[in-house]
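These are the residues of each chain, in order.
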Amino acid sequence: MVDLMTVPVPPKLTTTKITIVLNGKGGVGKTTTAVNLAAIFAEHHRVLLVDADPQGSASWWIKQSEGHNLGFETKVLTDFTGVSRKQWSDYDIVVVDMPPALDSIALAAIMPVADYLVLPTPPAPMDLAALIRTVRQVVIPSQIAHRVLLTKVNSRGLKEAQEAQQTLLQCQIPVYYTVIRNLKIHERAAMAGLPISQYKGQAAAPAAADYRCVVNEIWTDWS
């Protein structure tokens, strides 16, 4: 079990880590996760955030930043022919915000070159059931390292999240110990075009801490 109270040393990456943020449905915190992971990764590595979702949520977010240096580069990807690791080899980490569809051209093109999957989902039973089907049908056959991230968790009702974690573990599906609490500050950061780790205000610190703990767990997976 990872110790979330310590800060693991970020790994020295010898090859690009292509990390997909994926769920077959929208409204689960996918883009929020992609942007915030990219920002924290970028504190130690050269990072590219790829917006592969036709809805363009990540691109919209970045445009709101009004020239603020987010610490990572961004790219909109609409042509998925010939996707390869070589095109992203200048970066240490590539975070890809995927479309909310499991039959997308984007997923078919990018999954074969991916190293790691982050699978955000709220802990509600229907969301969890859909995510478990996704893991069994799409993720496990790919044999790509992955973990489920519980998002939009009611901070006053953590029991549901704990039960969801137990359900996933019983299904032999890896899950992060950290959960992302459903805090209003995330909406304000998005409107400002900023990752939560760069948003000013006392309320931002605990929200940023959630994602920092997730990154600590990812460092452990990659070490």
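**Q** I keep staring at the overall build of the chain and nothing clicks. Help me out?
**A** Within the chain, the secondary structure is distributed over seven helices and seven strands. Seen in sequence order, the chain has helices and strands lined up from the N terminus as β-α-β-α-β-β-α-β-α-β-α-β-α-α. Overall size of the chain, expressed as C-alpha extent along the three principal axes, is 45 × 45 × 35 Å. Out of the 223 residues in the chain, the part that is buried amounts to 52%. Counting only contacts in the chain whose residues sit at least 6 apart along the sequence, the fraction spanning at least 24 positions is 81%. When the accessible surface of the chain is split by element, carbon and sulfur atoms take 52% of a total near 10800 Å².

**Q** Help me understand helix α1 (residues 30-41), please; the structure alone is not making it clear to me.
**A** For α1, spanning twelve residues, the distance from its first C-alpha to its last is 16 Å, which sits close to the expected 16 Å at 1.5 Å a residue. When you tally the buried positions in α1, you get eleven out of twelve residues, the bulk of the element. For α1, the complete set of buried residues consists of Lys 30, Thr 31, Thr 33, Ala 34, Val 35, Asn 36, Leu 37, Ala 38, Ala 39, Ile 40 and Phe 41.

**Q** What's the story with the environment of Ile 185 in this structure? I'm lost.
**A** Mapping Ile 185 onto the fold places it in helix α6 (residues 185-191). Classification of Ile 185 by relative accessible area gives buried; the value is 6%. In the structure, Ile 185 is positioned 23 residues away from Ala 208 in sequence and 9.8 Å away in space, judged by C-alpha atoms. Each residue touching Ile 185, except ones within four places of it in the same chain, is listed here: Ile 196, Tyr 199, Ala 203, Ala 204 and Ala 207.

**Q** What's the story with the sheet that holds strand β2 (residues 47-51) in this structure? I'm lost.
**A** Two pairing modes exist for strands in a sheet, parallel and antiparallel, and in both the strands are linked by backbone hydrogen bonds. Sheet architecture is open: seven strands sit in the order β3-β2-β4-β1-β5-β6-β7, paired in parallel fashion. Two strands close off the open sheet at either side, each with one partner strand: β3 (73-76) and β7 (175-181). Shown here is a sheet whose adjacent strand axes are inclined to one another by a mean of 20 degrees, direction ignored. As defined by bridge partners, strand β1 (residues 17-21) adjoins strand β5 (residues 116-121) across three bridges and the pair is classed as parallel. Pairing of Ile 20 across the sheet is with Leu 117, part of β5. With respect to the sheet, helix α4 (residues 125-142) is in contact with β5 and β6 (145-153), its orientation differing from that of β5 by roughly 160 degrees. Those strands touched by helix α5 (residues 158-170) are β6 and β7, and its axis lies near 155 degrees from that of β7.

**Q** Mind showing me how you'd approach the environment of Arg 133 here?
**A** Tracing the sequence through the fold places Arg 133 in helix α4. Separated by 43 residues in the primary sequence, Arg 133 and Tyr 176 place their C-alpha atoms 18 Å from one another.

**Q** I tried to follow unusual backbone geometry on my own but got confused; where do I start?
**A** Backbone phi values are negative for most residues with the exception of glycine, while trans is the configuration of most peptide bonds. Although it is not a glycine, Gln 143 adopts a positive phi angle of roughly 60 degrees. Note on placement: Gln 143 falls in the loop between α4 and β6. When its relative accessible area of 76% is taken as the criterion, Gln 143 is described as exposed. For Lys 152, which is not glycine, the phi torsion reads 55 degrees and is therefore positive.

**Q** Help me understand the pairing of strand β4 (residues 93-97), please; the structure alone is not making it clear to me.
**A** Most of β4 sits out of view: five of its five residues are buried. Going residue by residue along β4, you find Ile 93, Val 95 and Asp 97 tucked away on one face and Val 94 and Val 96 tucked away on the opposite face as well. The pairing of β1 with β4 spans five bridges and is parallel. Paired with Ile 18 across the bridge in β4 is Val 94. Pairing of β2 with β4, which is carried by five bridges, proceeds in the parallel orientation. Among the inter-strand pairings, Asp 51 is bridged to a residue of β4, identified as Asp 97.

**Q** How should I be thinking about the packing of α4 against α5 in this particular structure?
**A** The angle between the axes and the distance between the axes are what describe a pair of packed helices. Two elements in contact, α4 and α5, have axes whose closest approach is 11 Å; the angle formed by their N-to-C orientations is 25 degrees. Here α4 is positioned roughly parallel relative to α5, judged by the angle of their axes. In the packing of α4 onto α5, the handedness of the crossing is right-handed. Facing Pro 125, Leu 128 and Ile 132 of α4, the residues of α5 in contact are Glu 160, Ala 164, Thr 167 and Leu 168. In terms of residue class, the contact of α4 with α5 is made up of five nonpolar, one polar and one charged.

Each value, and the rule that gives it
- Residues numbered from 1 in each chain as written.
- Predicted model: local features only at pLDDT ≥ 70, side-chain atom pairs only at ≥ 80, totals over all residues.
- Heavy atoms only, no water.
- Helix = DSSP H or I, 4+ residues; strand = E, 2+ residues; numbered from the N terminus.
- Buried < 20%, exposed > 50% of the residue type's maximum accessible area, 1.4 Å probe, protein only.
- Contact = heavy atoms within 4.5 Å.
- Areas by Shrake-Rupley, 256 points an atom, 1.4 Å probe, with all protein chains shown as cover.
- Expected span 1.5 Å × (residues − 1).
- Pairing = 2+ DSSP bridges.
- Axes fitted to C-alpha atoms, helices over the stretch in contact; angles between N-to-C directions.
- Parallel < 35°, antiparallel > 145°, perpendicular 65-115°, else oblique.
- Left-handed = near helix turned anticlockwise from the far one by under 90°.
- Nonpolar A, V, L, I, M, F, W, Y, C, P; charged D, E, K, R; others polar.

Scope: geometric values only; no functional claims are made or implied.
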